[in-house]
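What follows is each chain in one-letter form.
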Amino acid sequence: MRGTLGRWLVGACALAMLCGGLVAAPAAAADDACRPGTPGCSLGGPEPAPGPDRGESDAMQSKSITTPKRVCSVYASGAGMGSYCVSGAGGDVETLRERFGSQTFQRCRYGEIPLGVKRPFNSRPDEGRYMMLRCLGNIDFDTYSGGRDRTLDISIVFVPTGTDTEDNNNGISRFLWEQVNNNTQLPVPIMQPRPNPTPLVGAPTYFTFQWIDPSSNATIAQGPFADRAQGGPFREIEENGFTMQAEATSLRIDPHQEGIEAVECDPSTPYREGAEPAEQPEDACSITFPRSSASARDLATEPIPDNIDEAFYASVEVTWQVSYGEDGSARSRLGDGFTMRLKQVVPVQEVQAPNQPPIVVF
């Protein structure tokens, strides 16, 4: 498995090259704490500045869901999906103000940016770093749980060096933040050419993929792909009766080479092992390379990094549809689709070369 990953990914694959990610927001110079008895504190203080509208489907989108017992924010991007929930139910009939009136509530909390989420470029590393910021708003301290209109905002902010990023775990902060959790990365497709592990000039190359969790390198095989050794473009998570699903709807491979067109594929990339081209499924994902990758740099339509020798530098784009639901209810769509983008190297040879895996010729 690791040998295959090393052969087809650039460096650490470019998990850092995934373009999907949370929207970057300017630094929030906000008072992130308040006391229940302070006038106006029920609004939770200043809200973090929203991120810029990038006009791309792979930027983060979120949706707030409020029930009598909890408030959740579901979110997704081209790299991952998840939910943050704060519950509020119990037998104590005292309001937050009555129970915690003398305590300071930590409205905002900092955390590390999840693996696989693209970090904004830090032009000031000596001055600070980017972190995830989560803020609870519209807290009604005259209710038991904080009220039905609570909100939860998620953004990435620049945090100056020296900022106190520790959590305040006093009673009221612990009560309202105790169920804030859950982040899941979408499966990353690792290119697996067939029938030859190194594509040959003039012979159809069929692209299949190993779908892995980028945080663990484990194969993700769920839903309709549960019995598939290579996994598939589907992921489902469930926490406390709340379900999110991500399913890929399209896949595109572009070698970025003159005279070699990009190909649009079924994300399940159907392929019959050992079958000749005429017997392959009509929607199999394939490219017939007209030349080797020895001339890749000279005929590239996009720059190829200096450390890649005699290989095409292809982009792979996967479009995901994300849905969510609660307690067995019908799922709703989140956003209009999210695009995951990454780069992978594709060496193409004229004939079998020394030290290459065995070649299968039709």
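What counts, and where the lines are drawn
- Residues numbered from 1 in each chain as written.
- Predicted model: local features only at pLDDT ≥ 70, side-chain atom pairs only at ≥ 80, totals over all residues.
- Heavy atoms only, no water.
- Helix = DSSP H or I, 4+ residues; strand = E, 2+ residues; numbered from the N terminus.
- Phe/Tyr/Trp six-rings, centres within 6.5 Å; stacked < 30°, edge-to-face > 60°.
- Lys NZ or Arg CZ within 6 Å of the ring centre and 35° of its normal.
- Salt bridge = Lys/Arg side-chain N within 4 Å of Asp/Glu carboxyl O.
- Buried < 20%, exposed > 50% of the residue type's maximum accessible area, 1.4 Å probe, protein only.
- Core = buried A, V, L, I, M, F, W, Y, C linked by side-chain atoms within 4.5 Å.
- Contact = heavy atoms within 4.5 Å.
- pLDDT = per-residue confidence, 0-100.
- Disulfide = S-S within 2.5 Å.

1. What to know about the environment of Val157
In step 1: Positionally, Val157 belongs in strand β8 (residues 151-160).
In step 2: C-alpha separation for the pair Val157 and Met131, spaced 26 residues apart in sequence, amounts to 5.7 Å.

2. Observations regarding the packing of aromatic side chains
In step 1: Applying the stated criterion across every chain yields a total of eight aromatic pairs.
In step 2: In this structure, Arg124 packs its charged tip against the face of Phe158, placed 4.0 Å from the ring centre.

3. Focus on the pattern of salt bridges
As a working rule, side chains carrying opposite charge can pair if their charged atoms are close by.
In step 1: Tallied over the entire structure, the rule returns ten salt bridges.
In step 2: One salt bridge connects Arg252 with Glu264, and the closest N-O pair in it is separated by 3.0 Å. Here Arg252 is found in strand β13 (residues 242-254), whereas its partner Glu264 is found in strand β14 (residues 263-265), with twelve residues between them in sequence.
In step 3: Look at Arg252 and you get partly exposed, because its relative accessible area is 29%.
In step 4: Across the pair Lys343 and Glu302 runs a salt bridge, and its minimum N-O distance is 3.3 Å. Of the two residues, Lys343 is situated in strand β17 (residues 332-346) and Glu302 in the loop between β15 (286-288) and β16 (312-326); the sequence distance between them amounts to 41 residues.
In step 5: According to the relative accessible area criterion, Glu302 is partly exposed, its value standing at 36%.
In step 6: Residues joined by salt bridges that share partners form a network here, namely Arg252, Asp254 and Glu264.

4. Structural notes on the nonpolar core
In step 1: Met244 and Ile253 are the most contacted members of the largest nonpolar core, which has 44 residues in total.
In step 2: Broken down by secondary-structure element, the contributors of at least two residues to this core are β3 (70-76), β10 (188-194), β11 (204-212), β13, β14, β16 and β17.
In step 3: Not counting residues up to four positions away in its chain, the partners in contact with Ile253 are Met191, Phe207, Phe209, Ala262, Val263, Cys285, Ile287 and Ser315.

5. Examining the confidence of the model for the chain
The predicted coordinates should not be examined in detail at positions where pLDDT is low.
In step 1: Across the chain, the average pLDDT comes to 76, with 71% of residues at 70 or higher.
In step 2: Element-level mean pLDDT values for the chain span from 31 in helix α1 (residues 2-8) up to 96 in β15.
In step 3: Here residues 1-32 scores under 50 on pLDDT; set against residues more than four positions off or in separate chains, the count is 96 contacts.

6. Observations regarding the state of the cysteines
In step 1: Counted according to the given criterion, the structure contains two disulfides.
In step 2: With its sulfur 2.0 Å from that of its partner, Cys108 forms a disulfide with Cys135. For the disulfide bridge between Cys108 and Cys135, the dihedral angle about the S-S bond is near 115 degrees, and by the sign convention the bridge is right-handed. Of this pair, Cys108 sits in strand β6 (residues 108-111) while Cys135 sits in strand β7 (residues 128-137), and the two are 27 residues apart along the sequence.
In step 3: When its relative accessible area of 2% is taken as the criterion, Cys108 is described as buried.
In step 4: Two residues share a disulfide in this structure: Cys265 and Cys285, whose sulfurs sit 2.0 Å from each other. Judged by the torsion about the S-S bond (60 degrees), the Cys265/Cys285 disulfide is right-handed. With Cys265 in strand β14 and Cys285 in the loop between β14 and β15, the pair connects residues that are 20 residues apart, well separated along the chain. For the pair Cys265 and Cys285, a shared accessibility class is recorded, and that class is buried.

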